[in-house]
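This is what each chain is made of:
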Amino acid sequence: MHSSKCLLYSKYFGGAFMKNAKFLRTLYTTFAVAICIVMLGSLFGQNSTIAFAETQETLYYEDLYSGNPTNGTVTIADYEVYYDSYEITEIVAHVSAPSFKNWSSEYSNYCGPLTGMNVIGFFDRWYTNLVPNYTPGMIFSNGTYNYYPDLGQTTTRNAFNSLYGLMRTGELGGTTSTNFKNGLNTYVSNAGYSFSYSSCYLNTTSINLTELAIAINQNKVAILMCSEYNYILKMSNVASESKMSIIKNNSTIAHMMMVYGYKTIAYYKDNVNFRTDTFLLVTSSTGTGDVGYMQMNDFAIIDEALIMTIS
Amino acid sequence: MDERQDNWDRIINISDDYDYNPDLAKSAIKKIKQKELAHKKRPMYIKWSSIAASLVIIIGVAVFMPIYLSSIKKPDELLYYTEDEMDLNYIEDINEFQKENQIIFNFFADDMTTSQYASLKTSSQIAYINQDLLYLDENGFDTINLKIVVLSNAEFDFCREFEFLSESYIVQNIMLQYSIEQVEEVGEQYQYYVTFMNDNIHYYLKILSYEYSIDKITQYINLLNF
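Residues numbered from 1 in each chain as written. Chains lettered and ligands numbered in written order. Predicted model: local features only at pLDDT ≥ 70, side-chain atom pairs only at ≥ 80, totals over all residues. Heavy atoms only, no water.

Caption draft 1: A look at the nonpolar core. One finds A:Val119, A:Ile120, A:Leu184, A:Met308 and A:Ile310 to be the most contacted residues of the largest nonpolar core, which totals 54 residues. Per-element tally for this core: the top contributor is helix α2 (residues 111-123) of chain A, with seven residues. Ignoring anything within four residues of it in the chain, the contact list for A:Ile120 reads A:Leu130, A:Val131, A:Ala159, A:Leu163, A:Leu184, A:Tyr187, A:Val188 and A:Ile310. Grouped together as the second largest cluster of nonpolar side chains are 30 residues, B:Leu146, B:Val194, B:Ile221 and B:Leu224 included. (Core = buried A, V, L, I, M, F, W, Y, C linked by side-chain atoms within 4.5 Å. Buried < 20%, exposed > 50% of the residue type's maximum accessible area, 1.4 Å probe, protein only. Helix = DSSP H or I, 4+ residues; strand = E, 2+ residues; numbered from the N terminus. Contact = heavy atoms within 4.5 Å.)

Caption draft 2: Spotlight on the pattern of salt bridges. All chains considered together, the criterion is met by 14 salt bridges over all chains. A:Asp277 serves as the salt-bridge partner of A:Arg275, at 2.7 Å between the closest nitrogen and oxygen. Between B:Asp142 and B:Lys216 there is a salt bridge, with the nearest N and O atoms lying 2.6 Å from each other. A residue pair is termed long-range when its members are at least 10 positions apart, and B:Asp142 in strand β5 (residues 140-149) and B:Lys216 in helix α5 (residues 215-222) qualify at 74 residues. Salt bridges linked by common partners bring A:Asp78, B:Asp157 and B:Arg160 together as one network. (Salt bridge = Lys/Arg side-chain N within 4 Å of Asp/Glu carboxyl O.)

Caption draft 3: Examining the state of the cysteines more closely. Residues and elements named next belong to chain A. Inspection of every chain in the model, using the stated rule, returns zero disulfides over all chains. The closest cysteine sulfur to the non-disulfide-bonded Cys-226 is located on Cys-111, 9.7 Å from its own sulfur. Judged by relative accessible area, Cys-226 falls into the buried class, the value being 0%. (Disulfide = S-S within 2.5 Å.)

Caption draft 4: Structural detail: α2(A). Helix length check: α2(A) (13 residues) gives 18 Å between terminal C-alpha atoms against 18 Å at 1.5 Å per residue, within 8%. With 13 of 13 residues buried, α2(A) is to be regarded as a mostly interior element. (Expected span 1.5 Å × (residues − 1).)

Caption draft 5: Just the side chain of A:Thr176, in detail. Residues and elements named next belong to chain A. Its place among the elements puts Thr-176 in the loop between α4 (169-172) and α5 (177-190). When its relative accessible area of 8% is taken as the criterion, Thr-176 is described as buried. A polar side-chain atom of Thr-176 sits 3.0 Å from the main-chain amide nitrogen of Asn-179. Apart from residues no more than four positions distant in its own chain, Thr-176 is found in contact with Glu-57, Thr-58, Leu-59 and Met-256. (Polar contact = N/O pair within 3.5 Å; in protein donor to acceptor, adjacent residues only side chain to side chain.)

Caption draft 6: Inspection of the sheet that holds strand β7 (residues 167-171) of chain B at higher detail. Residues and elements named next belong to chain B. Here eight strands make up an open sheet; going across it, the order is β2-β3-β4-β5-β10-β9-β8-β7 and the pairing antiparallel. Whereas interior strands pair on both sides, the edge strands pair on one side only; in this sheet they are β2 (86-91) and β7. Neighbour-to-neighbour, the strand axes of the sheet open up by a mean angle of 25°, direction not taken into account. Bridge count for strand β3 (residues 113-120) against strand β4 (residues 126-137) is seven bridges, and the pairing is antiparallel. Bridging across to β4, Ser-119 finds its partner in Ile-126. Contacts from helix α4 (residues 94-101) reach β2, β3 and β4, with the element oriented near 165° to β4. Of the strands in this sheet, β4, β5, β7, β8 (174-182), β9 (190-198) and β10 (201-209) touch α5, which is tilted by about 130° from β10. (Pairing = 2+ DSSP bridges. Axes fitted to C-alpha atoms, helices over the stretch in contact; angles between N-to-C directions.)

Caption draft 7: Structural context of a nonpolar patch on the surface. A cluster of nonpolar side chains, namely B:Met44, B:Trp48, B:Ile51, B:Leu55, B:Ile59, B:Val63 and B:Phe64, defines an oily patch on the protein surface of about 640 Å² accessible area. As for its placement among the helices and strands, B:Met44 is situated in helix α3 (residues 44-71). (Patch = residues over 30% accessible without salt bridge, like charges linked within 9 Å, V, L, I, M, F, W, Y side chains within 5 Å. Areas by Shrake-Rupley, 256 points an atom, 1.4 Å probe, with all protein chains shown as cover.)

Caption draft 8: Geometry of the confidence of the model for chain A. Residues and elements named next belong to chain A. Across chain A, the average pLDDT comes to 86, with 81% of residues at or above 70. Residue range residues 1-15 is modelled with pLDDT below 50. Its contacts to residues more than four positions away, or to other chains, number 22 contacts. When the criterion is pLDDT under 50, residues 45-55 qualifies, and its contacts beyond four places in sequence or with other chains add up to 15 contacts. (pLDDT = per-residue confidence, 0-100.)

Caption draft 9: Unusual backbone geometry, seen in detail. Residues and elements named next belong to chain A. The phi dihedral of Asn-133 falls on the positive side, at around 55°, and the residue is not glycine. Take Asn-133: it is sitting in the loop between α2 and β4 (137-139). We note that Asn-271 has phi near 65°; this positive angle belongs to a residue other than glycine. Looking at the element boundaries, Asn-271 is found in the loop between β11 (255-269) and β12 (272-283). Its relative accessible area of 76% is what places Asn-271 among the exposed residues.

Caption draft 10: The arrangement of the environment of A:Pro136 in detail. Residue and element names in this part refer to chain A. Along the chain, Pro-136 falls in the loop between α2 and β4. Counting along the chain gives 38 residues from Pro-136 to Pro-98, while the straight-line C-alpha distance between them is 7.7 Å. In this structure, Pro-136 is in contact with Gly-121, Asp-124, Arg-125, Tyr-145, Asn-146, Tyr-147 and Tyr-148, ignoring residues within four places of it in sequence.

Right under this line is the structure:
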């Protein structure tokens, strides 16, 4: 009898338990599916560049806001080339170029206006109303014209502020190709001069060096708009080790820079040319206002390459 | 609820002298097992979604745990910051700046010097001070850039330019590492790289000059008044 009662007890409680188990299974399944969706969403992550709809343009930045991985990444890409000998087979470049800085954290994503500032700073040597009350450089005793470093004078900071507004950089969080051209055109026109540009684009990793050489010899500069680019901070010949040491970053952040020349280096081993690299001389268009290089036929997606003309 | 109460009442009220039927137990057990089997035949989708969810959780932990652990700063670990992670601001008065931020360092006080500070975007912590100096003479000018790193255990993009400096030199009892390189594209200019430490602060000095002379280094280090 005791066994019968036990059986019936278990049937009663077992029934109650079975209904709860069904509920728990449903609850668990719902939770599991929800976790699935959340984890898969975060695993796929976010896009590394701002991709606009077909009718909209790429925004060019300088900065990667921390916590904003959508702007892109910067990767160290240093390398060395060991050789028996090397030679610079070609160099077509201005002796120096202006490279302006950012002076205030109230500005952000400013590669567009900084590139524009470098262009007008370059041409201010001949067209002095571009930056009023400013002398961009001096002629050394060896006859070369050298641009002064950016010392944050009021007149240049005002010019940068104007370009920042005209290019709508603060409005959009970056500078589009159209806004760069329109903003620079307005600035130059307001100064009483005319602005135009022509293409020296070749492909996504190179530009037309013949066109660039002509421009350099005509006292002009070019600008690049890149969805991805490489930037060489330092190129050193370490003669004691017969090597060229390249300190380089690869970046997937859309960026603009000014180009003021190029050089080509050929490397030899056993008298055989085993490697030839071409580098554009560029202004960094970053907050610290440096100059460096961008290697052709290397990590880059060049969107536009334009010769700048101010007259 | 009523049905359950009725069942419960029936169980409670079963008389102890009820005649035991040995087959009844077997029959009850059989029925219970049949019901359990029916419950076990769950839809396949529940089974597979549970497996999928478990796999995703395991993969997610395996992927994100290393990322999370690597983001936790260990004591004395050297952290690398790119320029993109910095905010730059103008310094009006560098003496006031030092007092306000309680940082002591040597710096250029020349009238032709301009100063900025770089701070981390995430925390506003001051990372380094950047100074630019123009030194003019009748032949041309030197462009001098000094970066003073005040954030401990930190490295920046520009630090890589100062690796593997092959020469050393002592000025004002400070051991300097340096190199002087000809700027090939212009032919007659030289880029100096100088680095040293003083009072646990790292200094990175670049000089672009039309002259090749180690005295250039002495000249500008002396301006820092150590």
